[in-house]
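Here is how the chains run, residue by residue.
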Amino acid sequence: MTVYQPQDFHDFAGMRITVAGLGVSGVPAARALAGLGARVTVVNSSDGERERAQAAELEQWAAARSASREGGGRRADVTVRLGDGETLPEGTELVVTTPGWKPTSPLFLAAERAGVPVWGDVELAWRLRGRAGGKAAPWLAVTGTNGKTTTVRMLASILTAAGLRTAAVGNIGVPLVDVVLGEGREDGTSYDVLAVELSSYQLHWAPSVRAHSAAVLNLAPDHLDWHGSMEAYAAAKGRIYEGNTVACVYNAADPVTEDLVRAADVEEGCRAIGFTLGAPGPSQLGVVDGILVDRAFVENRHRQAQELAEVSDITPAAPHNIANALAAAALARAFGVPATAVRDGLRAFHPDEHRIQHIADIAGVSYIDDSKATNTHAAEASLAAYEHIVWIAGGLAKGATFDELVQKSAERLRAVVLIGADRALIREALVRHAPDVPVVDLDRTDTGAMSEAVREATRLAETGDTVLLAPACASMDMFVNYNKRGDAFADAVGELAANGH
């Protein structure tokens, strides 16, 4: 599938634009385009109760805007077509897609045949910057297989500590279109800089985005059913570096991320900045004796280093989270943030729920919820953070294999409790690579299985152990999402505490 290079549309008034998908980013895109005078048709394959409610709300908004002064006498033209996401509406001049729609979708193939360009919601947001008046805020962008949201929120915390007006936006759940058009601040002032999380889906459809600085945290097989191959997935991630003006931040422990920097076409003077959990070399950030140090943004990087923060300032101080902090610090330093703001921002940061979240200590055993570890790469990082583990794992494997994960983690495993539809794949890997580790295989996929899993893990745990929910799988076989799975784990641990275990 060819990704069209967007035409330089300056005026959307009267254009026939198709928005592919409702949801978190589709509705804001439709509103933004209709507000600029476009004739918008939203198409959506599903026609359920939720989609009908979203369609009704969008059409009500269009009617209210058309009747209001805000519309300036211009009709807000929005039509929603549910139950058919394959047919390209007649006369379409531009398609704007929400994340998740595959490049091979019939709608996009029809657009390609008709010579109609396809933008993602991020591409649209990039091209709408500055339309609200004032200077467009530069983007500090983050992608990677794992750690994106945590890193972006760390970055926003550091930027805030530096006194900058900022927000964590993008794939984190805050639509970029809304932010760039309204600039998002209740006091009416604009942002100084934005911390932007970008997924591989979004980057695939965003050929014009040019960040101030960007980071690829890591790369491991994921979403290959969408991209078609690991090479295509990596290429989508690498697009984040295109046109960077100040810094391309890469993971020194993941050579593919540095390869992506080398392949990128950047502005003259843009630098490659590495981060490492070891002692940093010149043009890197790293760790020395429990101190995060900078040998990239100092006057003499060959002889000098700047102390930024202590490892103890990071919560939790797991290895992969230290790497996240270093990446966030590198982007902030690229933007000119002082070292004290890095320290203060990391101290102020607290991770979201279900990301290595400490739930409780009961009878000398720690209970940790990392339900967000939905793939093997994330689970490996989580397992590496603890010494003796009773591991709760399983769910939908999404085509993953588990041999490498089990091999690397076997010495840390006290026992394993398996749940979910594809638990047999993990059990087979355990038989091959950790045959002496006790395994409880719960032959059930109902939501109540989590309570039994926690009880079994508690039975197997010894004083000083960690009961760790790091499923290495998606949740949809048993739960609506990973949040609900983590909530079930926390509730089960709460029951243990209430029963005086």
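Rules behind the numbers
Residues numbered from 1 in each chain as written. Predicted model: local features only at pLDDT ≥ 70, side-chain atom pairs only at ≥ 80, totals over all residues. Heavy atoms only, no water. Helix = DSSP H or I, 4+ residues; strand = E, 2+ residues; numbered from the N terminus. Buried < 20%, exposed > 50% of the residue type's maximum accessible area, 1.4 Å probe, protein only. Lys, Arg positive; Asp, Glu negative; His and termini not counted. Salt bridge = Lys/Arg side-chain N within 4 Å of Asp/Glu carboxyl O. Contact = heavy atoms within 4.5 Å. Core = buried A, V, L, I, M, F, W, Y, C linked by side-chain atoms within 4.5 Å. Phe/Tyr/Trp six-rings, centres within 6.5 Å; stacked < 30°, edge-to-face > 60°. Lys NZ or Arg CZ within 6 Å of the ring centre and 35° of its normal.

**Structural notes on the side chain of glutamate 51**
Positionally, glutamate 51 belongs in helix α2 (residues 49–66). Nearest to the buried, unbridged glutamate 51 among oppositely charged side chains is arginine 50, at 4.2 Å. Setting aside its immediate chain neighbours within four residues, glutamate 51 contacts Leu22, Asn44, Ser46 and Leu82.

**Remarks on unusual backbone geometry**
In this model, threonine 315 is joined to proline 316 through a cis peptide bond whose omega is -15°. Counting through the fold element by element, proline 316 comes out in the loop between β14 (306–310) and α11 (319–334). Despite not being glycine, alanine 472 shows a phi value in the positive range, around 65°. Counting through the fold element by element, alanine 472 comes out in the loop between β20 (466–469) and α17 (482–498).

**Some remarks on the nonpolar core**
In terms of nonpolar packing, the biggest core is built from 59 residues, with Phe12, Trp139 and Tyr241 touching the most fellow members. In terms of residues, this core owes the most to one element, helix α1 (residues 23–35), which gives 6 residues. Sequence-distant contacts of tryptophan 139, defined by excluding residues within four places in its chain, comprise Val122, Ala125, Trp126, Arg129, Leu176, Val180, Leu194, Val196, Val209, Ala211, His212 and Ser213. Val152, Val193, Ala215 and Ala247 belong to the second largest nonpolar core, which has 42 residues in total.

**Looking at the packing of aromatic side chains**
According to the stated counting rule, one finds 4 aromatic pairs in the structure shown. Through successive ring pairs, a cluster of aromatic residues spans Trp101, Phe108 and Trp205. Sitting over the ring of tyrosine 482, lysine 372 keeps its end group 5.5 Å from the ring centre.

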